[in-house]
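Analysis of the macromolecular model
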Amino acid sequence: MHQLGTSILRCVTKTLLLDMTVDRNLSWVPQALETKKSFANKLNLLKRSRFLSKGVLKDFYFKVILPSVKYGLVLWGSCCNSDILDSIERLHCRAARIIFNLPKDMSTNDVLKYDQWSTFSLYYKLDILRLFYKANNYSLPEPLIKSILENSSHGYSLRGKELSSIPRFNSRFMKDSLRYKGSVLWNIVLYHEQHKRFSSFFDLRNHVVSTAYFKDFNFNALSASTTRHRHSDFIYN
């Protein structure tokens, strides 16, 4: 324990902040586990509501359940435990099985193709892209912009669009950070869309969700060689 004036401060391993569980290592594992547990409970409610029409179930999922699950995703999505994130992805896929009454043995790929069901990881990438879009358009508080974004000090740009400088981190933990992942994703989008102009994030979003490069992009393959881009396309500090 520590004392600050007349107040006693207790040392804890985790705490709630803005309804999110923040642990002392900033691993986001406790928050991801809480989200997984809450998600499973909400799907049980969805399952008990199958007497409703598919349209009503789908609206309930996308307007009530999914937004609550995605709360803070841009932060806790950087959780370094891939098993937890994979289990959340499976729960999202299970929701499609419940809504459309699909067979339990139906493959994940077939479930995703049914009704053009987007992956949970796609929502994560879109949340990151939206944050960096706002940062590059100065639509965020200045301290937040400085904490996640650093424009290239080399003066590189693609048709007037400023590339983001990718920080060099030696540890896997730091490569899971929002600043690192967001910078890589932002540069890849600029590389592919350098000949296009978008008047809003809504236009950009509607475009990238239909592209193979964005849907197939995997944060577990963050290097110039594994993402099939030239090393010169990546700008490092």
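Residues numbered from 1 in each chain as written. Predicted model: local features only at pLDDT ≥ 70, side-chain atom pairs only at ≥ 80, totals over all residues. Heavy atoms only, no water.

1. A short note on the overall build of the protein chain
- What the protein chain contains, in helices and strands, is 11 helices and six strands.
- Relative to its 237 residues, the protein chain shows a buried fraction of 43%.
- Once local pairs closer than 6 in sequence are excluded, the contacts in the protein chain between residues at least 24 apart make up 62%.
- About 13,800 Å² of surface is accessible on the protein chain, with carbon and sulfur atoms providing 53% of the total. (Helix = DSSP H or I, 4+ residues; strand = E, 2+ residues; numbered from the N terminus. Buried < 20%, exposed > 50% of the residue type's maximum accessible area, 1.4 Å probe, protein only. Contact = heavy atoms within 4.5 Å. Areas by Shrake-Rupley, 256 points an atom, 1.4 Å probe, with all protein chains shown as cover.)

2. Details of the pattern of salt bridges
- Throughout the structure, instances matching the rule amount to five salt bridges.
- Between Asp127 and Arg130 there is a salt bridge, with the nearest N and O atoms lying 2.9 Å from each other. With Asp127 and Arg130 both in helix α6 (residues 120-136) and three residues apart, the pair spans about one turn of that helix.
- Judged by its relative accessible area of 31%, Arg130 is partly exposed.
- A cluster of three or more residues bridged by salt bridges with shared partners is formed by Lys70, Asp127 and Arg130. (Salt bridge = Lys/Arg side-chain N within 4 Å of Asp/Glu carboxyl O.)

3. Side note on the pairing of strand β4 (residues 20-23)
- Of the two faces of β4, the one holding Met20 and Val22 and the one holding Thr21 and Asp23 are both buried throughout.
- As paired strands, strand β3 (residues 14-17) and β4 are joined by four bridges and run antiparallel to one another. Each bridged residue has a counterpart across the sheet, and for Leu17 the counterpart in β4 is Met20.
- Here β3 hands over to β4 after two residues, with Leu18 in that stretch at a positive phi of 55 degrees. (Pairing = 2+ DSSP bridges.)

4. Comments concerning unusual backbone geometry
- Not every positive phi belongs to a glycine, and Leu18 is a case in point at roughly 55 degrees.
- Counting through the fold element by element, Leu18 comes out in the loop between β3 and β4.

5. A look at the environment of Arg205
- Counting through the fold element by element, Arg205 comes out in helix α10 (residues 201-208).
- Accessibility expressed as a relative area gives 29% for Arg205, which makes it partly exposed.
- Each C-alpha atom, one on Arg205 and one on Leu129, is 8.5 Å from the other, the two residues being 76 residues apart in sequence.

6. Some words on the nonpolar core
- Within the largest apolar cluster, 60 residues are counted, with the highest numbers of intra-cluster contacts made by Leu46, Tyr61, Leu129 and Phe214.
- With 11 residues, α6 is the largest single contributor of residues to this core.
- Sequence-distant contacts of Phe214, defined by excluding residues within four places in its chain, comprise Leu122, Lys125, Leu126, Leu129, Leu185, Val189 and Val208. (Core = buried A, V, L, I, M, F, W, Y, C linked by side-chain atoms within 4.5 Å.)

7. Details of α10
- Along α10, the residues classified as buried are Phe201, Leu204 and Val208. Each buried residue of α10 lies within a common arc of 60 degrees when the element is viewed along its axis, so the set occupies one face.
- Buried residues in α10 make contact with α6, α9 (178-192) and α11 (212-216). (Arc of directions from axis to C-beta.)

8. Considerations on the packing of helix α1 (residues 29-48) against helix α4 (residues 82-100)
- Relative to each other, α1 and α4 sit at 10 degrees, their axes nearing to 10 Å. Between α1 and α4, the angle is such that the two are roughly parallel. Contacts between α1 and α4 pair Val29, Ala32, Leu33, Thr35, Lys36, Phe39, Ala40, Leu43, Asn44, Leu46 and Lys47 from the former with Ile84, Ser87, Ile88, Leu91, His92, Arg94, Ala95, Ile98 and Ile99 from the latter. (Axes fitted to C-alpha atoms, helices over the stretch in contact; angles between N-to-C directions. Parallel < 35°, antiparallel > 145°, perpendicular 65-115°, else oblique.)

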